[in-house]
Amino acid sequence: QVLRNAKHRPTAALAEITQILVDFQLNPIHQVEVERVVTGLCDALGASERIFTSPVPTFYTRHTARFLAVWLFALPLGLYAPFAS
């Protein structure tokens, strides 16, 4: 329920994971190791958010669109049996 109502679900999920780990009352050595893994997950989340929000250069989108158009127009010629040989 908390995750559904959260404004930013990934951050809320990390906060929930951290709270559950505190409630487990693990051995301090294991606690440090688990917190290190959660910190790595948080870093990966931040990196993916930066990649997601960065704009794609127009050269890449135009090049991809042209390639796909040529490929889609040439595909029937490759699939048609008399043109295959």
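The rules behind the values
Residues numbered from 1 in each chain as written. Predicted model: local features only at pLDDT ≥ 70, side-chain atom pairs only at ≥ 80, totals over all residues. Heavy atoms only, no water. Helix = DSSP H or I, 4+ residues; strand = E, 2+ residues; numbered from the N terminus. Expected span 1.5 Å × (residues − 1). Buried < 20%, exposed > 50% of the residue type's maximum accessible area, 1.4 Å probe, protein only. Contact = heavy atoms within 4.5 Å. Patch = residues over 30% accessible without salt bridge, like charges linked within 9 Å, V, L, I, M, F, W, Y side chains within 5 Å. Areas by Shrake-Rupley, 256 points an atom, 1.4 Å probe, with all protein chains shown as cover. Salt bridge = Lys/Arg side-chain N within 4 Å of Asp/Glu carboxyl O.

A. Just helix 3 (residues 28-53), in detail. Between its terminal C-alpha atoms helix 3 stretches 37 Å, which fits the 38 Å expected from 26 residues at 1.5 Å a residue. Among the residues of helix 3, those classed as buried are Q31, V38 and L45. Against the buried residues of helix 3 lie helix 2 (9-24).

B. Just a nonpolar patch on the surface, in detail. Side chains of F67, L68, W71, L72, L75 and L79 sit close together on the surface and give an oily, nonpolar patch of about 640 Å² of accessible area. If you trace the backbone, L75 turns up in helix 4 (residues 58-79).

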